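If you want the building blocks of each chain, they are given just below.
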Amino acid sequence: MICCALRWALLGAVTLEFLYQARTYYSQGSFPSFFYRDPVGARQPRAGPMTVQTPVTPLGSRAPTSTLQLFLGDLYGRDKTYQGSRCPSGIRKRIAGTKFSSIFLEAIPVLQWAQHALSAEYRRLQSYGGAHGWQDVGWPVVRDTLTRLNASANGRMFDARPGAAAGGSPCVRCAVVGNSGILNGSRAGAAIDQHDYVFRTNAALTKGFERDVGRRTSFYIFSTNTMMNSLHNYASNGFRQLPQTPETKYIFLPDHDRDYLLLQAALTNRPVNSGPDEGARPERYFGKDLRAEKFKMFHPDFIRYVRNRFLRSSILDTPLRRLYRPSTGAVMLLAALHTCDEVSAYGFITSNYQAYSDHYFDRTQKALLFYANHDLWLEMRLWQKLHQSRLITLYTRG
Ligand SMILES: *[C@@H]1O[C@H](CO)[C@@H](O)[C@H](O)[C@H]1NC(C)=O
Ligand SMILES: *[C@@H]1O[C@H](CO)[C@@H](O)[C@H](O)[C@H]1NC(C)=O
């Protein structure tokens, strides 16, 4: 029971923030957007470290089914890009025999790009807020940003690999690296770098930690908000710029209009022209190479699908459902599950998380913090189940 009392206290704190924001934004005359401001912002109230390990039981009474179904929107576009894998033992071949086969959608769109810049698509996705749709971003901004994502690399996760054509393995092997303290002292760096692609997120520090986390970054995954918070909060740990190597591609998890605006700025090589980041220069974050092929953006259908089918938290059954989304790391790992043939997950939350510091780069031991807008217990159980089903290999330091 203590877990739920704590959980409610936490949700209560968020409600206060929420009411405060409602008042602020309402008085500014932009009421509809207040729900979605800064779900993981620095101003978000943080819960103290939780000591409870049991899963949280469902909270409250269910909203009327029709309202909830409309909110969830479990209907998606289609994208067949990842159905043609020639890997004989790939995840998509293995999933059929697991309990995940009933929720997995073969043709779920993972990325959005120029082909999605359609007014009919805008009308469809306008129904969903935050990272789950286009409710919080105007059509001219969506259209202009996505239209510029017109390189073939914008529409698929991986470019053709020379090795595969030359008789190498047709299987795409991915290392997906979270930032958990379990990696401190792991010596997993060489194994991570040996994968075809290395995914990282937020405060993705490698310098000085190569032995434990590796040095390569093929994909850096972020929301503008979480990325800027990481630069702010972990500068003293050495995180002063994003990974910027020739192989690095940047994948936006769009959460607000500010993600579309920063991407638009990058693709036009101009400072951000409006919103909270007005004046920000894209080369500060992404370096000088701002070609369209350096960038990708997750499709809101993918985020909504992940929330609805893989991480359907009990928070969705409460009035605070609008604040909830899967964590950036969770979207990263599930994107790898939907695009790679083999996935090794390092630095993700495990059941013995209390034995480790929050991050591998912490200078002193810090407890993992649980935010009310994510459900890390649910994520932890999902990683365990995917590992037990042999769909991913979860690094547990066992
Ligand atoms: C992509 O869009 C840019 C404008 O952003 C344009 O200059 C370029 O020709 C387009 N490329 C293709 C392949 O359509
Ligand atoms: C990282 O590991 C070292 C060696 O095991 C240990 O001394 C240190 O306390 C750890 N750092 C944190 C922040 O837990």
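Here's what I pulled together on the structure shown here.

Calculation criteria
Residues numbered from 1 in each chain as written. Chains lettered and ligands numbered in written order. Predicted model: local features only at pLDDT ≥ 70, side-chain atom pairs only at ≥ 80, totals over all residues. Heavy atoms only, no water. Near = heavy atom within 4 Å. Polar contact = N/O pair within 3.5 Å; in protein donor to acceptor, adjacent residues only side chain to side chain. Areas by Shrake-Rupley, 256 points an atom, 1.4 Å probe, with all protein chains shown as cover. Nonpolar A, V, L, I, M, F, W, Y, C, P; charged D, E, K, R; others polar. Buried < 20%, exposed > 50% of the residue type's maximum accessible area, 1.4 Å probe, protein only. Helix = DSSP H or I, 4+ residues; strand = E, 2+ residues; numbered from the N terminus. Pairing = 2+ DSSP bridges. Axes fitted to C-alpha atoms, helices over the stretch in contact; angles between N-to-C directions. Parallel < 35°, antiparallel > 145°, perpendicular 65-115°, else oblique. Left-handed = near helix turned anticlockwise from the far one by under 90°. Contact = heavy atoms within 4.5 Å. Core = buried A, V, L, I, M, F, W, Y, C linked by side-chain atoms within 4.5 Å. Salt bridge = Lys/Arg side-chain N within 4 Å of Asp/Glu carboxyl O.

### Section: the site of ligand 2
Inspection of the region around ligand 2 gives Asn184, Ser357, Asp362, Thr364 and Gln365 as its neighbouring residues. In this structure, an oxygen atom belonging to ligand 2 sits 2.4 Å away from a side-chain N or O atom of Asn184. At a separation of 2.9 Å, an oxygen atom of ligand 2 approaches a polar side-chain atom of Gln365. Taking 360 Å² as the accessible area of ligand 2 by itself, protein coverage stands at 43%. Taken together, the residues of the shell around ligand 2 sort by class into no nonpolar, four polar and one charged.

### As for the pairing of strand β2 (residues 197-201)
Counting buried positions along β2 yields five of five residues, so the element is predominantly enclosed. Here β2 shows two buried faces, one formed by Tyr197, Phe199 and Thr201 and the other by Val198 and Arg200. Bridging between strand β1 (residues 173-177) and β2 involves four bridges; their strand directions are parallel. The partner of Ala175 across the bridge, within β2, is Val198.

### Some points on the packing of helix α13 (residues 328-339) against helix α14 (residues 376-388)
Running from N to C, α13 and α14 point in directions that differ by 20°, and their axes come no closer than 12 Å. Judged on the interaxial angle alone, α14 and α13 are roughly parallel. Taken as a pair, α13 and α14 cross one another with a handedness that is left-handed. Here Ala330, Leu333, Leu334 and Leu337 of α13 come into contact with α14, specifically with Glu379, Leu382, Trp383 and Leu386. Looking at the contact of α13 with α14 residue by residue, the class counts come to seven nonpolar, no polar and one charged.

### Some thoughts on helix α9 (residues 224-233)
Along α9, eight of the 10 residues are buried, which leaves the element largely enclosed by surrounding structure. Residues of α9 that are buried: Thr224, Asn225, Thr226, Met227, Met228, Asn229, Ser230 and Leu231. Residues of α9 that are buried in the fold lie against β3 (219-222), β4 (249-252), α10 (257-268), α11 (282-286) and α13.

### Structural notes on the nonpolar core
Membership of the largest hydrophobic core comes to 113 residues, with the highest contact counts inside it found for Phe199, Phe286 and Phe298. Residues in contact with Phe298, not counting those within four places in the same chain, are Val110, Leu111, Gln112, Met157, Ile221, Ile251, Phe252, Leu253, Pro254, Ile303, Val331 and Ala335.

### Details of the pattern of salt bridges
What the rule picks out here adds up to 16 salt bridges. Of the charged contacts, one joins Glu106 and Arg92 as a salt bridge, the two residues approaching to 3.4 Å between their closest N and O atoms. Remark: Arg92 occurs in helix α3 (residues 91-94) and Glu106 occurs in the loop between α3 and α4 (119-125); sequence separation between them is 14 residues. The exposure class assigned to Glu106 is partly exposed, which follows from its relative accessible area of 35%.

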